[in-house]
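# Reading the structure
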Amino acid sequence: IGDVDDYGLVFANGELVNGGADNRWVNLDSYLHHDGRPNYVSLLVLNGPLKAHWQFDFYYQDKIVHTIKDYSAQEFTTVYRETFRLLPYGELRPANRPASPAPQTDRWRVRLDADDIGVVLVDGIPVAGAYHSPAGDFDWQDIGNAVSSARLGEIGIQLWNYRGSYALWVQLCRNDELVWEKNVKGIWSLKSLVFSEVVVPEVLSSLGDCPAPTAAPN
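Definitions and cut-offs
- Residues numbered from 1 in each chain as written.
- Predicted model: local features only at pLDDT ≥ 70, side-chain atom pairs only at ≥ 80, totals over all residues.
- Heavy atoms only, no water.
- Core = buried A, V, L, I, M, F, W, Y, C linked by side-chain atoms within 4.5 Å.
- Buried < 20%, exposed > 50% of the residue type's maximum accessible area, 1.4 Å probe, protein only.
- Contact = heavy atoms within 4.5 Å.
- Pairing = 2+ DSSP bridges.
- Helix = DSSP H or I, 4+ residues; strand = E, 2+ residues; numbered from the N terminus.
- Disulfide = S-S within 2.5 Å.
- Salt bridge = Lys/Arg side-chain N within 4 Å of Asp/Glu carboxyl O.
- Phe/Tyr/Trp six-rings, centres within 6.5 Å; stacked < 30°, edge-to-face > 60°.
- Lys NZ or Arg CZ within 6 Å of the ring centre and 35° of its normal.

Core analysis: the biggest nonpolar cluster contains 37 residues, and L9, V120, I143, L168 and L172 have the highest contact counts within it. Leaving out residues up to four positions away in the same chain, V120 has contacts with V110, L112, I125, P126, V127, A128, I143, I155, G156 and I157. Ranked by size, the runner-up nonpolar core spans 18 residues in total, among them A12, L43, F56 and L92.

We now examine the sheet that holds strand 5 (residues 52-60). Here 3 strands make up an open sheet; going across it, the order is 1-5-6 and the pairing antiparallel. Of all the strands in the sheet, the pair left with one neighbour each is strand 1 (4-5) and strand 6 (63-72). Summarising the sheet, strand 5 and strand 6 pair through 9 bridges and their orientation is antiparallel. Looking at strand 6, one finds that Y60 is bridged to K63.

This paragraph deals with the side chain of Q141. Topologically, Q141 is positioned in strand 12 (residues 141-142). By relative accessible area, Q141 is classed as buried at 4%. Sequence-distant contacts of Q141, that is, excluding residues within four places in its chain, are made with T77, T78, W108, R109, V110, L112, A128 and G129.

This part takes up the sheet that holds strand 14 (residues 166-174). As summarised here, the arrangement of the 4 strands in space is 12-9-14-15, forming an open sheet in which the pairing is antiparallel. At either margin of the open sheet sits one strand with a lone partner, and together these are strand 12 and strand 15 (177-186). Both strand 9 (residues 108-115) and strand 14 contribute to a ladder of 8 bridges, which runs antiparallel. Among the inter-strand pairings, R109 is bridged to a residue of strand 14, identified as C173.

All right, on to the state of the cysteines then. One pass over the structure, following the stated rule, counts 1 disulfide. C173 shares a disulfide with C210; S-S distance 2.2 Å. When the S-S torsion is 105°, as for the bridge of C173 with C210, the disulfide is right-handed. Pair noted here: C173 is in strand 14 and C210 is in the segment after strand 16 (192-199), with a separation of 37 residues, a long-range link. Here the two residues C173 and C210 agree in accessibility, since each one is buried.

A separate point is the pattern of salt bridges. Within the structure shown, the criterion is met by 3 salt bridges. Notably, a salt bridge pairs D35 with R37, separated by 3.1 Å at the nearest N-O pair. With a relative accessible area of 46%, R37 lands in the partly exposed category.

To continue, consider the packing of aromatic side chains. Taken as a whole, this structure holds 5 aromatic pairs when the rule is applied. Judged by centre distance (6.2 Å) and plane angle (85°), the ring pair of F76 and F138 falls under edge-to-face. Note that F76 is positioned in the loop between strand 6 and strand 7 (77-86) and F138 in the loop between strand 11 (125-131) and strand 12, a separation of 62 residues in sequence. Judged by its relative accessible area of 15%, F76 is buried. Ring pairing ties together the aromatic residues Y7, F76, Y131 and F138, which thus form one cluster. Above the ring of W140, the side-chain terminus of R109 is found at 5.5 Å from the ring centroid.

What follows is about the pairing of strand 2 (residues 7-12). Of all 6 residues making up strand 2, 6 are buried, and the element is well covered by its neighbours. Going residue by residue along strand 2, you find Y7, L9 and F11 tucked away on one face and G8, V10 and A12 tucked away on the opposite face as well. Across 6 bridges, the pairing between strand 2 and strand 4 (residues 39-47) is antiparallel. Considered in strand 4, the bridge of A12 is made with V41.

In structure tokens, the structure reads:
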């Protein structure tokens, strides 16, 4: 991992292996399959106030084989998301990402407030997230445009905690209707996955109107 502002997340086969703005190298070997199954690495960059910039370097056999570097002026949202399949000899290939998103039957949006890290996955692939930012709350994020099919698959919600207490508040909207929400709190946990739930879009029903952006509950 290179330099990230504000928050960079690295997943290997669905496991969070690094999160933050530090520039330390992360060894992925222990998270990879060595039995013929495909290996995937997902990257998310979350931004709070002001501009974001990021650089991810992939190191293989004593040399950097791939670099991802960019910037964004978007605030309080996910500014970069990509999943790669790891191929032999350090090659990376974008996975499950259409050249242009397919038209969606419905518009799907999610809003999170998390301490420490909240992540949204579509069919197991991280597509959005939020981290605890004292400077403000993350806005609604579109997640339907992250998939290649016209209908959204399973939606996963995860909360990762590094230390101390943890909390998650999440709302999910389909078009103009609120269809799912969750409020989770806990007292103590070291680095671990402290909450995980999967929802199936077809079984969700309306809970009322989709709320306008407001501060998350305490």
